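Survey of secondary and tertiary structure
These are the residues of each chain, in order.
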Amino acid sequence: MPHRDEIDTPRGPARVDTDLPAGPPTALLVLGHGAGGDVDAPDLLAVRDAVLGSGVAVARVTQPYRVAGRRAPAPAGHLDEAWTAVLAVLRARHLELPLLVGGRSSGARVACRTAAAVGAVGVVALAFPLHPPGRPERSRAEELRTGLPTLVVNGDRDPFGVPAAGSGVRVVVRPGERHDLRGDPAGTADAVLGWLRELGLTSR
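All of these numbers come straight from a predicted model, not from anything done at the bench.

Rules and cut-offs
- Residues numbered from 1 in each chain as written.
- Predicted model: local features only at pLDDT ≥ 70, side-chain atom pairs only at ≥ 80, totals over all residues.
- Heavy atoms only, no water.
- Helix = DSSP H or I, 4+ residues; strand = E, 2+ residues; numbered from the N terminus.
- Rg over C-alpha atoms; globule rule 2.2 N^0.38 Å.
- Buried < 20%, exposed > 50% of the residue type's maximum accessible area, 1.4 Å probe, protein only.
- Contact = heavy atoms within 4.5 Å.
- Areas by Shrake-Rupley, 256 points an atom, 1.4 Å probe, with all protein chains shown as cover.
- Lys, Arg positive; Asp, Glu negative; His and termini not counted.
- Charge placed at Lys NZ, Arg CZ, Asp CG, Glu CD.
- 1 Å grid on protein atoms, 1.4 Å probe; cavity = no way out; pocket = protein on both sides within 12 Å on 5 of 7 lines; lining within 4 Å.
- Points joined across faces, edges and corners; volume = space filled by probe spheres on them.
- Nonpolar A, V, L, I, M, F, W, Y, C, P; charged D, E, K, R; others polar.
- Pairing = 2+ DSSP bridges.
- Axes fitted to C-alpha atoms, helices over the stretch in contact; angles between N-to-C directions.
- Polar contact = N/O pair within 3.5 Å; in protein donor to acceptor, adjacent residues only side chain to side chain.
- Salt bridge = Lys/Arg side-chain N within 4 Å of Asp/Glu carboxyl O.
- Parallel < 35°, antiparallel > 145°, perpendicular 65-115°, else oblique.
- Left-handed = near helix turned anticlockwise from the far one by under 90°.

**Considerations on the overall build of the protein chain**
When helices and strands are counted, the protein chain shows five helices and eight strands. The order of helices and strands in the protein chain, counted from the N terminus, is β-β-β-α-β-α-α-β-α-β-β-β-α. Computed over C-alpha atoms, the radius of gyration of the protein chain comes to 15 Å, within 12% of the 17 Å expected from 2.2 N^0.38 for 204 residues, which places it in the range of a compact globule. Based on the C-alpha atoms only, the size of the protein chain along its principal axes is roughly 40 × 40 × 30 Å. Burial status across the protein chain gives 53% buried among its 204 residues. Residue pairs in contact within the protein chain that sit at least 24 positions apart in sequence constitute 62% of those at least 6 positions apart. Looking at the protein chain as shown, the accessible area adds up to about 8700 Å², and 53% of this sits on carbon and sulfur atoms. In the protein chain, 24 positive and 22 negative side-chain charges are present, and the distance between their average locations comes to 3 Å.

Written as structure tokens, this is what we have:
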């Protein structure tokens, strides 16, 4: 069972659900949710379950606006500020562990924008929204240039687009998947686990 608590941020309390592996953890993966979604999205839960079994601790962060019951997302700056505050507390709790950050959709964008500042060693971006639907000219590709190893997992039918691979950025395209990545969550989780193994951050 996850341990749940709240962490105060400048934007109100955020909620954190933390799961620890059976043995000593090898790394900490912190995940954020989509704009109108929750940390119980199928892809986030599948990733949690897969990496826990290989020694990685997982913390899923619910942004203050969702804790307060709102669905409309806060401005990007507010999201980043709250996330950074939560990460400072989580890093202090798990000082000895390499830190990975990530999330789905909006949560992936927050993780990318703040990855270097919070001291992460890698980024997991699920359903990264490359552009608003029908607006490819409004690309957010620059956010993926974190300078850190970054894994992107997107569906080939995602109306928000599919990023291109680049320096340090690996892109896994899931056939038949849309933005919610609900078709095969286990396949998405396998991609994440394989990448973490390549980085040497799992116990097996």
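**What about empty space enclosed by the protein?**
Rolling a probe over the atoms, with the probe sized like a water molecule, indicates the empty space that remains. Evaluation of the coordinates by the stated rule reveals one cavity of 30 Å³ or more. When its volume is computed, the largest cavity comes out at roughly 70 Å³. Lining the largest cavity are Gly-32, His-33, Gly-34, Val-61, Gln-63, Tyr-65, Leu-79, Trp-83, Ser-106, Gly-107 and Val-110. Counting residues per element, the ones that place at least two in the lining of the largest cavity are helix 3 (76–93) and helix 4 (106–118). A per-element tally of the lining of the largest cavity places helix 4 first, with three residues. Residue composition of the lining of the largest cavity, by class: five nonpolar, six polar and no charged.

**Focus: the sheet that holds strand 5 (residues 99–104)**
Strand order in the open sheet made by the eight strands is 1-2-4-3-5-6-7-8, with mixed pairing throughout. Two strands in the sheet have a free side with no partner beyond their single neighbour: strand 1 (3–7) and strand 8 (169–174). Taken over all neighbouring pairs, the strand axes of this sheet differ in orientation by 20° on average, direction set aside. Where strand 3 (residues 27–32) meets strand 4 (residues 56–62), six bridges bridge the pair, whose relative direction is parallel. What sits directly across from Val-30, in strand 4, is Ala-59. On the sheet, helix 3 packs against strand 1, strand 2 (14–19), strand 3, strand 4 and strand 5 and is oriented at approximately 160° with respect to strand 3.

**Observations concerning the side chain of Arg-60**
Its place among the elements puts Arg-60 in strand 4. A distance of 3.0 Å separates a polar side-chain atom of Arg-60 from the backbone oxygen of Val-39. At 2.9 Å, the side chain of Arg-60 and the side chain of Asp-40 are in polar contact. The residues touching Arg-60, leaving out its near neighbours within four places in the chain, are Pro-2, Arg-15, Val-16, Asp-17, Asp-19, Leu-31, Val-39, Asp-40, Leu-45 and Arg-48.

**Comments concerning the pattern of salt bridges**
Applying the stated rule across the entire model yields 17 salt bridges. For the salt bridge of Glu-143 with Arg-109, the shortest nitrogen-to-oxygen distance reads 2.7 Å. Within this pair, whereas Glu-143 is found in the loop between strand 6 (122–126) and strand 7 (150–155), its partner Arg-109 is found in helix 4, the two being separated by 34 residues in sequence. Look at Glu-143 and you get buried, because its relative accessible area is 17%.

**Quick word on the packing of helix 1 (residues 42–52) against helix 5 (residues 185–198)**
For the pair helix 1 and helix 5, the least separation of the axes is 8 Å and the interaxial angle reads 45°. With respect to helix 5, the element helix 1 is oriented oblique. Classified by chirality, the crossing of helix 5 by helix 1 is right-handed. Facing helix 1, whose interface residues are Pro-42, Asp-43, Ala-46, Val-47, Ala-50 and Val-51, helix 5 presents Pro-185, Ala-186, Thr-188, Ala-189, Val-192, Leu-193 and Leu-196. For the contact of helix 1 with helix 5, the per-class residue count stands at 11 nonpolar, one polar and one charged.

**Details of the packing of helix 3 against helix 4**
It is at 9 Å that the axes of helix 3 and helix 4 come closest, and there the two elements cross at 55°. Taken together, helix 3 and helix 4 sit at an angle that is classed as oblique. Along this stretch, helix 3 crosses helix 4, giving a crossing that reads as right-handed. Along the contact surface, helix 3 presents Ala-76, Leu-79, Asp-80, Trp-83, Thr-84, Leu-87 and Arg-91, while helix 4 presents Ser-106, Val-110, Ala-111, Arg-113, Thr-114 and Val-118. Looking at the contact of helix 3 with helix 4 residue by residue, the class counts come to seven nonpolar, three polar and three charged.

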